[in-house]
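Breakdown of the fold
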Amino acid sequence: AQTVTQSQPEMSVQEAETVTLSCTYDTSESNYYLFWYKQPPSRQMILVIRQEAYKQQNATENRFSVNFQKAAKSFSLKISDSQLGDTAMYFCAFIVQGAQKLVFGQGTRLTINP
Amino acid sequence: DGGITQSPKYLFRKEGQNVTLSCEQNLNHDAMYWYRQDPGQGLRLIYYSQIVNDFQKGDIAEGYSVSREKKESFPLTVTSAQKNPTAFYLCASRYSGKAYNEQFFGPGTRLTVL
């Protein structure tokens with residue numbers, strides 16, 4: 001079975017700090033795509049960043065970057081210079097090439113404190 | 001503007017009643033999805049559809065029904081058979097032609113059973 005595990009149900013950091021959210025996944029496939037979604041208090045799901053499994057280079061989007069370790073099946077999200085607006089639930093997800101649906105983790109609730 | 005709309009934003013249902021949640025997209029996406037989210041929890045897939053007039057059960061389809069008569073629309077009916085329907089419901093769509101294409105989400109509908 002394909003699964004995603006986010007081992008940190010909740011995290012809390014001070015504004016401007018750097019925080020890393022963990023995600024591990026399990027699949028026997030070699031071609032897949034990984035995503036981090038953000039769900040702020042408004043509950044609107046927003047894509048934060050994506051990573052193609054065949055790429056060794058880690059994806060980066062402004063203050064958001066990932067540490068993708070394919071052999072370890074790990075896909076962590078790093079948020080640099082955290083801001084109050086980063087407060088949200090963060091979901092890790094992946095989809096296998098040719099599949100029709102994403103597999104989501106249970107989420108990590110991140111709170112940025114002023 | 002392209003996007004996904006869900007209506008209503010809030011819905012109240014008496015026990016024993018069927019209710020239908022609307023989901024419309026103008027992104028020309030072929031695939032559409034319905035998720036249920038309970039407080040503090042992750043997303044659970046109810047149904048998904050890849051093409052018009054075809055849909056598949058997700059992980060928690062019991063007590064729910066869907067239709068896909070138009071590419072743009074994917075309504076979800078919560079039937080009286082769903083024993084605990086109070087939850088937040090998210091609709092999503094995606095262009096399934098490429099695996100790296102992310103899902104776009106609607107703003108959600110909060111259903112409360114009175």
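Conventions used here
- Residues numbered from 1 in each chain as written.
- Chains lettered and ligands numbered in written order.
- Predicted model: local features only at pLDDT ≥ 70, side-chain atom pairs only at ≥ 80, totals over all residues.
- Heavy atoms only, no water.
- Contact = heavy atoms within 4.5 Å.
- Salt bridge = Lys/Arg side-chain N within 4 Å of Asp/Glu carboxyl O.
- Helix = DSSP H or I, 4+ residues; strand = E, 2+ residues; numbered from the N terminus.
- Nonpolar A, V, L, I, M, F, W, Y, C, P; charged D, E, K, R; others polar.
- Buried < 20%, exposed > 50% of the residue type's maximum accessible area, 1.4 Å probe, protein only.
- Polar contact = N/O pair within 3.5 Å; in protein donor to acceptor, adjacent residues only side chain to side chain.

1. Things to note about the interface of chain B and chain A
- If you look at the interface, chain B gives 24 residues, while chain A gives 21 residues.
- Remark: the boundary between chain B and chain A carries one salt bridge.
- R50 of chain A is paired through a salt bridge with E102 of chain B; the nearest N and O atoms lie 2.9 Å apart.
- Elements that contribute at least two residues to the side of chain B that touches chain A include exactly strand 4 (31–37), strand 5 (43–51) and strand 9 (87–94) of chain B.
- For the side of chain B that touches chain A, the leading source of residues is strand 5 of chain B, giving four residues.
- Residues belonging to the side of chain B that touches chain A are distributed by class as follows: eleven nonpolar, nine polar and four charged.

2. Here's the deal with the environment of Q100 of chain A
- The residue Q100 of chain A is located in the loop between strand 10 (88–96) and strand 11 (103–104) in this model.
- Looking at Q100 of chain A, the relative accessible area reads 29%, which means it is partly exposed.
- Placed 73 residues apart in sequence, Q100 of chain A and T27 of chain A show a C-alpha to C-alpha distance of 15 Å.
- Those residues in contact with Q100 of chain A, other than ones at most four positions away along the chain, are I95 of chain A together with Y33, Y48, Q50, R94 and S96 of chain B.
- Within the structure, Q100 of chain A has its side chain in polar contact with the backbone oxygen of G98 of chain A (distance 3.5 Å).
- Here Q50 of chain B takes part through its side chain, which lies 2.3 Å from a polar atom of the side chain of Q100 of chain A.

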